[in-house]
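Chain by chain, the residues run as shown.
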Amino acid sequence: MPSTELHLALAPTAAYERLLASEPVGGWRVLRRPATVLLVIAVMVPITAVQRVTIGLVATAALSWSFVPVIQALVAIAVIASAPQRRVGFLTALDLWFAAHVPYSLWMLIALGFMAAFPVSVELIIASAIVPAIWTMVVVSAFCKTVLQTTPGGSRWRAAAHFAAIWGFTFSYIAWVAGGWFQVVPW
Amino acid sequence: MVSRLRDRPLWATVALAIAIAVGTLVDRVPTSAPQRAGEYVVLAGDFHVHAFPGDGSLAPWTLRQEAARAGLDVFAVTNHNMVFTARFAEWMASSSGGSSRASAVTPRESSGPIVIAGQEITNPEYHLIAVGLTRTVNADQPAAAAIRDVHAQGGVAIAAHPTPRFHGYDDDQTVALLDGTEAAHPVDRVSGQEEFTAFFERARRLKPSIAPIGSSDFHVSPAVAACRTLVFAREATAAGVIEAIRSGRTVAVDQFGHRHGEASLIQLLDTMPDVDRPVDTTIWRRASLVLAWTALLALLVL
């Protein structure tokens, strides 16, 4: 039976309607999906970089890359807070937001797994991220319409704002650590 | 049985834990002492490695372990236009004992490879590896000025992946200021290696003592020490390594195993066993990778 998250990725509106009927999420349970996101990153980074997976490597990668779900959470908080008419409480909405992680998590598994096994340029891997990026926009739009009760127009701009925020941060970070914007946009 | 089969996420979590445990148990760092060649000790180095925080994927202490696994005696952390991570890596290495600027303890006999702070001075017109820095070098200046700043700090300046698109090295006077050039750097096409070799030959005509350097340029891939430098140092310290590079006593080894440098040094290497990259063939390590990947996939989709 496919996971809830996979259902969500394939049929987001119907899946969110079903999830809204579930028990509200509170306390530490709200961390399980961000923890899954971090687990995927923490395991795939050492697999890709050094073709090893040990307790030390996974723990260090988890610590190093923990800012990724934090950034995602900050963007989520902004989007959720922009729609006070939502159908669920804040923590449940945050949990449902993170349930949409499958497109990016699957991309990490496939793209980084491919990179670990075969010689492939980093630029190609980054370019392939357009697939989960667009896919996630569709899921986020469904989240806004269904969970946050926004209008179709409101869903679209929130999804676009989410895309802009995440990729704006990503490219800004790359530009900073790579020595300048000319490294990101050579022309 | 049916109810237990429903606990697929639990299965997957257990499988992932087993994969990580197996990977941990089979993890071994090879140990062997650097070899001597006459008055020199031959150290395997990688002088172009990126670390996290920065655009490297691994934290400094993890990187040091990987360098040891790759058979390196010394490596330089060279993030783009910053030395914070490199200085931190250098400090961590010296704090753990043995491998420091001052100590003469053989790296692989101590707690790990020598770590040297550096920077990839990144400018639209050139990339320059600086090894042996204490502070960031301004990248917003011509290559010649950046090289002088590196020298003022006691470091060495190495042209990074010097392809024709980097016009900062068009001037012969600038090239003559260099201490080394990456004669071996991972490429996905043969013509790339030919460009690096051609630049090295040009640099050698301008400065016969220029050091051929082999580097991995590790970020996420290729592997640390994919290309490497064999350094003929008088002593196994950071200062000894920097002196050897400045004097041109290096041989660059590319990803195909070809050696670039002085014929006399290459001949010396031919008489020495065990200078090539160790190969890890354990089936258990590969099994742990496959199991970890499969378990993650199951966690996501089941």
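Heads up: these notes are all about the structure in this document. (Residues numbered from 1 in each chain as written. Chains lettered and ligands numbered in written order. Predicted model: local features only at pLDDT ≥ 70, side-chain atom pairs only at ≥ 80, totals over all residues. Heavy atoms only, no water.)

## As for the packing of aromatic side chains
Okay, step 1: In this structure the tally under the stated criterion is 15 aromatic pairs over all chains.
Okay, step 2: Relative to Phe118 of chain A, the ring of Phe114 of chain A has its centre 4.8 Å away and its plane inclined at 45°; by these criteria the two rings are tilted.
Okay, step 3: A relative accessible area of 43% means that Phe114 of chain A is categorised as partly exposed.
Okay, step 4: Phe118 of chain A sits in the partly exposed class, given a relative accessible area of 46%.
Okay, step 5: A centroid spacing of 6.2 Å and a plane angle of 20° characterise the contact between Phe169 of chain A and Tyr173 of chain A, whose relative ring orientation is stacked. Linking Phe169 of chain A with Tyr173 of chain A, this pair stays in helix H10 (residues 152–178), spanning four residues, or about one helical turn.
Okay, step 6: The structure contains a cluster of three or more aromatic residues connected by ring pairs, namely Trp65, Phe67, Phe169, Tyr173 and Trp176 of chain A together with Phe52 of chain B. (Phe/Tyr/Trp six-rings, centres within 6.5 Å; stacked < 30°, edge-to-face > 60°. Buried < 20%, exposed > 50% of the residue type's maximum accessible area, 1.4 Å probe, protein only. Helix = DSSP H or I, 4+ residues; strand = E, 2+ residues; numbered from the N terminus.)

## Points about the pattern of salt bridges
Okay, step 1: Within this structure, the stated rule accounts for 17 salt bridges over all chains.
Okay, step 2: Notably, a salt bridge pairs Glu66 of chain B with Arg69 of chain B, separated by 2.4 Å at the nearest N-O pair. Of this pair, Glu66 of chain B and Arg69 of chain B are both found in helix H3 (residues 60–69), three residues apart, which corresponds to roughly one turn of the helix. With respect to class, Glu66 of chain B is no different from Arg69 of chain B; both count as buried.
Okay, step 3: Across the salt bridge formed by Arg249 of chain B and Glu243 of chain B, the nearest N and O atoms sit 2.7 Å from each other.
Okay, step 4: On the accessibility criterion, Arg249 of chain B (10% relative accessible area) is buried.
Okay, step 5: Salt bridges here are not isolated pairs; linked through shared partners, they connect Glu5, Arg32, Arg33 and Asp95 of chain A. (Salt bridge = Lys/Arg side-chain N within 4 Å of Asp/Glu carboxyl O.)

## Considering the nonpolar core
Soluble globular proteins tend to pack their nonpolar side chains together in the buried interior.
Okay, step 1: Judged by nonpolar contacts, the single largest core of 72 residues is most densely connected at Tyr16, Phe143 and Val147 of chain A.
Okay, step 2: The contact partners of Phe143 of chain A, leaving out residues within four places of it in the chain, are Tyr16, Ile80, Ala93, Leu96, Trp97 and Leu148 of chain A.
Okay, step 3: By size, the runner-up hydrophobic cluster in this structure holds 32 residues, among which are Ala44, Leu63, Val115 and Leu269 of chain B. (Core = buried A, V, L, I, M, F, W, Y, C linked by side-chain atoms within 4.5 Å. Contact = heavy atoms within 4.5 Å.)

## Structural notes on the interface of chain B and chain A
Okay, step 1: Listed as interface residues are 40 residues of chain B and, on the opposing side, 39 residues of chain A.
Okay, step 2: Taking both sides of the interface into account, the surface hidden between chain B and chain A amounts to around 3,400 Å²; carbon and sulfur atoms contribute 70%.
Okay, step 3: A per-residue breakdown of the area chain B buries against chain A is headed by Phe52, Leu296 and Leu300 of chain B, which together make up 19% of the total.
Okay, step 4: For the pair chain B and chain A, the number of links is two salt bridges. (Buried area = accessible area lost by both parts, 1.4 Å probe.)

## Topic: H10 of chain A
Residues and elements named next belong to chain A.
Okay, step 1: With 27 residues, H10 ought to run about 39 Å at 1.5 Å a step, and its terminal C-alpha atoms sit 38 Å apart, in line with that.
Okay, step 2: Every buried residue of H10 is accounted for by Gly154, Ser155, Arg158, Ala159, His162, Ile166, Trp167, Tyr173, Ala175, Val177 and Ala178.
Okay, step 3: Phi turns positive, to about 100°, at Gly179, one or two residues after H10. (Expected span 1.5 Å × (residues − 1).)

## Observations regarding the packing of H3 of chain B against helix H4 (residues 84–95) of chain B
Residue and element names in this part refer to chain B.
Okay, step 1: With their axes 9 Å apart at the nearest point, H3 and H4 run at an angle of 65° to one another. Along this stretch, H3 crosses H4, giving a crossing that reads as right-handed. Between H3 and H4, the residues in contact are Pro60, Trp61 and Arg64 and Thr85, Phe88, Ala89, Met92 and Ala93, respectively. (Axes fitted to C-alpha atoms, helices over the stretch in contact; angles between N-to-C directions. Left-handed = near helix turned anticlockwise from the far one by under 90°.)

## Brief notes about the packing of helix H3 (residues 32–50) of chain A against helix H7 (residues 102–117) of chain A
Residue and element names in this part refer to chain A.
Okay, step 1: Between H3 and H7, the least distance of the axes is 9 Å, while the angle of their chain directions is 10°. Here H3 lies roughly parallel to H7, going by the angle between them. The segment H3 lies against H7, with Val40, Ile41, Met44, Ile47 and Thr48 engaging Ser105, Met108, Leu109, Leu112, Gly113, Met115 and Ala116.
Okay, step 2: The class makeup of the residues in the contact of H3 with H7 is nine nonpolar, three polar and no charged. (Parallel < 35°, antiparallel > 145°, perpendicular 65-115°, else oblique. Nonpolar A, V, L, I, M, F, W, Y, C, P; charged D, E, K, R; others polar.)

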